[in-house]
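Structure at a glance
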Protein chains: 2
Amino acid sequence: MLTIRLRRGARAADPRGGPWIRARDVARMRGPLVLGELARVEDAAGRTVGYGLADPDAAITVRMVARGETPPDDDWLERRIGAALAARRALGLRPDGPVTGYREVNSEGDGLPGLVVDRYGDLRVVTTTTAPMTASWHRIARCLDLEAGVRPYLRLCEAPTVSPPPAAWCEPPPRVAWTEYGLRFEVPRTAMQKTGGYLDQRENRRTIASWVRPGMRVLDVGTHVGGFAIAAAAAGADTVGVDGSAAALAAAADNAARNGIADRTQWIEADMFADLDADALAGPFDIVVADPPKVAARPGDVRRATKALTRLAARLLPRVRAGGRFVLCSCSRNVTEEHLDAAVDGIVPIHRIAVLGAAPCHPVALHHTEGVYLRAAVYQVVGGDGTKIRTDEDQPAAAKRSSPIARR
Amino acid sequence: MLTIRLRRGARAADPRGGPWIRARDVARMRGPLVLGELARVEDAAGRTVGYGLADPDAAITVRMVARGETPPDDDWLERRIGAALAARRALGLRPDGPVTGYREVNSEGDGLPGLVVDRYGDLRVVTTTTAPMTASWHRIARCLDLEAGVRPYLRLCEAPTVSPPPAAWCEPPPRVAWTEYGLRFEVPRTAMQKTGGYLDQRENRRTIASWVRPGMRVLDVGTHVGGFAIAAAAAGADTVGVDGSAAALAAAADNAARNGIADRTQWIEADMFADLDADALAGPFDIVVADPPKVAARPGDVRRATKALTRLAARLLPRVRAGGRFVLCSCSRNVTEEHLDAAVDGIVPIHRIAVLGAAPCHPVALHHTEGVYLRAAVYQVVGGDGTKIRTDEDQPAAAKRSSPIARR
């Protein structure tokens, strides 16, 4: 078994440092590396810290799967996958339940670093993002193949594999489809994001729909295939969805029709950072959701990201009715509530009434703060009963400069 | 008008520092202090930073109510109160709605530092916690007295008042009562906490009830007058509520009877930090909620508080069924998610699936991180499908030492 010795004083020796051991924490390695197998991690004095999956070429050299002296059993991978699936069933998530689109395995969150499995009805989209997990595809397949009638689709993000997976596992599906609290969503291959759709926002779509009373107007910026707009329209709102992708909007319109609420939805193709001048977007709206692409992939991007979010907030907040809500999402783990607060500051009088996160099928491992990525800060515009809402910070001319930030 | 000059480099000159200006930030004061009136705050170079309520004897010398050159209007207090009430109506909170227990004014969160107003049906409990706000009681009364049929109760926490409030405002109510999504709660004077009940946990009670399927077993530790237990029992669970106060438990039993679910509830008097050995508490439970009193009033208390939470978690987590949920609450603003994670670490295999906060009628002002206090971290016990749950960290003997921490 490969043994990895940590440098003296490496924070990685402390469980509270989280499950990632970076190259700078490693003093030396001894013994054979078998990708997919466990390596033992020891501190500078040779005491066993725990066990993890080693990937010497990666920026994160080891992803821990257990702390302490005792190595995990030989069947740890199978047991962890079984536990992850059981945990979802315990949350009431099952292919014959009211929600058929959910995450079955969430990488570090389930003690399975590098493995993500999303369920879309009778389809499983399996993603491996690290070499050790990719090398274990056949063990993973054995666990996931047990259920009859499930079509698997394997995305191998990093080489190498020990042996190539069967062809049936590798054919990208023409579409993914799922049910969410009585609503049906479909994403064709042309519009897929992440594993297909944004399952992490599921409970937030439901929460926002719970705020709707008939006749409200809701704006959903970054709607993808209709997510928040369709949930709100089904609850009785008149909604407008905005996205930069024509393919996504076509799917959104299909989803609206599929759910019988096309007459309460409108779809506008626009770049949210550059072009929100369409008449339909003028407002006022009772609820505005802004779910931009990942704006800060690295800690160094945070300043630029906050500026982009500020520009977005400056254009959208004045369109929110006094008393209404503005939901500013970030899927960049480096963007905190404080950054979101900074982005909405000084535009209109506002206070923060909640911070929402990812759906519970996206668990976070203890002390793995990197696993917290999705934040949706909910602000209320105050100023009813006479307090004027300032709109002078709305600077469409300045905001028209196209944004350099990447699409997620 | 009193002018307060900040020290060179004081963080309080930056809006991102939040609305509190502490004594150490103040270089000098000039001019007359009229309690309840605004003071101008300037930086070391004499530039106006903004306006706030000054209280030179308090640890927080100024609580800002506006940033920038322009002072708030003479009727700023009235307008802010009006805006706060309007904001609650915009959230669907009104005395004739499905929720009649809610916070109408949340101090800094509504730009009204030192003023808290809680609504319990036709009763208003008005609390002033700073001398300037106490001195403004007659202006506050004018705003709140406008609604006919509302009984006010004023709690003046700090002297002085300019003139004493009318007797009708000062008589403590014999009880508070409210409705919460179809459930009725009452708290007699003998069991009142905070302004009467814990309105901040309202949406969390509803969320936890939404997890219940008939036949589940739910344990509510720190139940007060039945909160989580009654919400879960109404959703079909068999529940056990634990509290250290016999008066609170008597009220809890009354509330259970009032809602017709007494047969699904059981009430146990116990100190959660010392004595959880009653047979009814043995488990396994599908959901365990631990809502302890404030364990860390000051930053220096955090280490001791985390130890107390660890002891509590070590006793409760082994009683949660595999796949079940453990909700660990903290109402100490110094206790973060990371502290809660540390408290649950190493007891049984677990991951975090959500972090809940205070109900949206408890808004937070931008950059006022001190305003974030209630956190309810939701963990799921994993280990279904064969992974054994370790229970050896359950140390009732050690945990029996009585806790030195204060009741909130």
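Residues numbered from 1 in each chain as written. Chains lettered and ligands numbered in written order. Predicted model: local features only at pLDDT ≥ 70, side-chain atom pairs only at ≥ 80, totals over all residues. Heavy atoms only, no water.

1. Things to note about the packing of aromatic side chains
Each aromatic ring pair is characterised by the separation of its centres together with the angle its planes make. Residue and element names in this part refer to chain B. Across all of its chains, the model carries 4 aromatic pairs over all chains by this definition. Each ring, one from Y120 and one from W178, has its centre 5.5 Å from the other, and the planes form 65°; the classification is edge-to-face. Separated by 58 residues along the polypeptide, Y120 in strand β8 (residues 115-120) and W178 in strand β11 (residues 175-180) bring together distant segments of the chain. What makes W178 buried here is its relative accessible area of 4%. With 5.5 Å between their ring centres and 20° between their planes, W178 and F185 make a pair best called stacked. (Phe/Tyr/Trp six-rings, centres within 6.5 Å; stacked < 30°, edge-to-face > 60°. Helix = DSSP H or I, 4+ residues; strand = E, 2+ residues; numbered from the N terminus. Buried < 20%, exposed > 50% of the residue type's maximum accessible area, 1.4 Å probe, protein only.)

2. Here we look at the relation of the copies chain A and chain B
Superposing chain A onto chain B takes a rotation of 180° combined with a translation of 0.0 Å along the rotation axis, leaving an RMSD of 0.0 Å. Such a combination of rotation and displacement between the chain copies is what one expects of a two-fold axis. Of the C-alpha atoms belonging to chain A, the one lying closest to the rotation axis is found on L356(A), 3.9 Å away. Mapped onto chain B, 100% of the interface residues of chain A are again interface residues, and the two copies thus contact each other with one and the same surface. (Least-squares fit on C-alpha atoms with pLDDT ≥ 70 in both. Contact = heavy atoms within 4.5 Å.)

3. Here's the deal with the pairing of strand β17 (residues 320-330) of chain A
Residues and elements named next belong to chain A. Along β17, 9 of the 11 residues are buried, which leaves the element largely enclosed by surrounding structure. Where strand β16 (residues 285-290) lies against β17, 5 bridges are found, and the strand directions are parallel. Pairing of F285 across the sheet is with V320, part of β17. Of the pairings in the sheet, the one linking β17 to strand β19 (residues 375-381) comprises 6 bridges and is antiparallel in character. The residue of β19 that forms the bridge with V327 is V378. (Pairing = 2+ DSSP bridges.)

4. Quick word on the sheet that holds strand β8 (residues 115-120) of chain A
Hydrogen bonds between backbone groups are what pair the strands of a sheet, and the pairing can be parallel or antiparallel. All names here are of chain A. Ordered by their spatial adjacency, 4 strands build an open sheet running β7-β8-β9-β10, and the pairing between neighbours is mixed. What marks the edges here is a single partner per strand, and that holds for β7 (101-106) and β10 (151-156). Strand after strand, the sheet turns through a mean of 20° between neighbouring axes, direction not considered. The sheet contact formed by β8 and strand β9 (residues 123-128) spans 6 bridges and is antiparallel. Looking at β9, one finds that V117 is bridged to V126. Sheet contacts for helix α1 (residues 76-90): β7, β8 and β9; angle to β7, the most-contacted strand, approximately 150°. (Axes fitted to C-alpha atoms, helices over the stretch in contact; angles between N-to-C directions.)

5. As for the environment of G82(A)
Residue and element names in this part refer to chain A. With respect to the element layout, G82 can be found in helix α1. Using a relative accessible area of 14% as the deciding quantity, one classes G82 as buried. In sequence terms G82 and V105 are 23 residues apart; their C-alpha atoms lie 9.7 Å from each other.

6. Some words on the interface of chain A and chain B
It is common to give the size of an interface as the accessible area that goes away when the parts come together. With 40 residues of chain A in contact, the opposing surface of chain B contributes 40 residues. Roughly 3100 Å² of surface becomes buried between chain A and chain B when both sides are summed, with 53% attributable to carbon and sulfur atoms. The tally of links between chain A and chain B comes to 0 salt bridges. In this structure, the connection of chain A to chain B is made through 9 residue pairs in polar contact (both at pLDDT 80 or more). When residues of the side of chain A that touches chain B are traced back to their parent elements, those giving at least two are α1, β17, α9 (337-344), β18 (350-356) and β19 of chain A. Of the residues contributing to the side of chain A that touches chain B, the split by class is 17 nonpolar, 11 polar and 12 charged. (Buried area = accessible area lost by both parts, 1.4 Å probe. Salt bridge = Lys/Arg side-chain N within 4 Å of Asp/Glu carboxyl O. Polar contact = N/O pair within 3.5 Å; in protein donor to acceptor, adjacent residues only side chain to side chain. Nonpolar A, V, L, I, M, F, W, Y, C, P; charged D, E, K, R; others polar.)

7. As for the sheet that holds strand β4 (residues 38-42) of chain A
Residues and elements named next belong to chain A. Read from one edge to the other, the open sheet built from 6 strands follows the order β2-β6-β5-β4-β1-β3, with strand pairing classed as mixed. Both outer strands of the open sheet, β2 (20-22) and β3 (26-30), are each paired with one neighbouring strand and no more. On average, each strand axis in the sheet is inclined to that of its neighbour by 35°, with strand direction left out of account. As paired strands, strand β1 (residues 3-6) and β4 are joined by 3 bridges and run parallel to one another. Within β4, the residue paired with T3 across the bridge is R40.

8. Examining the domain arrangement of chain A
All names here are of chain A. The domain architecture assigned to chain A consists of domain 1 (3-67), domain 2 (75-173) and domain 3 (191-381). Spacing between the C-alpha centres of domain 2 and domain 3 amounts to 28 Å. Tallying the contact residues gives 18 residues for domain 2 and 14 residues for domain 3. Surface buried jointly by domain 2 and domain 3 totals about 1200 Å² across both partners, of which 60% is contributed by carbon and sulfur atoms. (Domains from an automatic or database assignment.)

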